Amino acid sequence: DLGIPFKVVLVDSVSEVVDPSTGEVVKTIIPNVPGLLKCVAMARILESKKLSGAELKFVRKVFGIPAKKLAERIGVTPEHLSRCEADDRTLSIGAEKCLRISLFLDHFKAPKELSFGDDCSEEVKI
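Quantities reported herein were computed from a predicted structural model and do not represent experimental measurements.

Conventions we followed
- Residues numbered from 1 in each chain as written.
- Predicted model: local features only at pLDDT ≥ 70, side-chain atom pairs only at ≥ 80, totals over all residues.
- Heavy atoms only, no water.
- Salt bridge = Lys/Arg side-chain N within 4 Å of Asp/Glu carboxyl O.
- Helix = DSSP H or I, 4+ residues; strand = E, 2+ residues; numbered from the N terminus.
- Buried < 20%, exposed > 50% of the residue type's maximum accessible area, 1.4 Å probe, protein only.

> An account of the pattern of salt bridges is needed here, citing residue identities and associated values.
Here the structure, examined in full by the defined rule, presents five salt bridges. For D106, the salt bridge identified is with R73, shortest N-O distance 2.6 Å. Within this pair, whereas D106 is found in helix α5 (residues 93-107), its partner R73 is found in helix α3 (residues 67-74), the two being separated by 33 residues in sequence. Note on D106: relative accessible area 34%, which makes it partly exposed. Using a relative accessible area of 29% as the deciding quantity, one classes R73 as partly exposed.

Here is the structure:
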């Protein structure tokens, strides 16, 4: 149990140790659990379906962001975020988009060939 609040199918992510005499699986090995959880969380963020409270809490915890800091980052009160994580409320469309974009930018590393480099003469406004 990895604590993921939704169904996940892992392909080529785990290995099993099998007892040769019985054919029974004696051990399942996940080489990089934190990395796997971050990949699962990022995949969920990139899916357009509305985040449930459990999914929101899972994603926040996997990326190690305190609730108060995340609430500030996406423009809601900590109390509202707590209610959203408890499924008593939902995030607005704007707050959820802000969450997704913020986490994506925090954890996505663009290849150097996509970088503008130091010779960019115009300021880019986002």
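> Got a sec to walk through unusual backbone geometry? Specific residues and values, please.
Non-glycine residue D87 carries a positive phi angle of around 65°. With respect to the secondary-structure elements, D87 resides in the loop between α4 (78-85) and α5.

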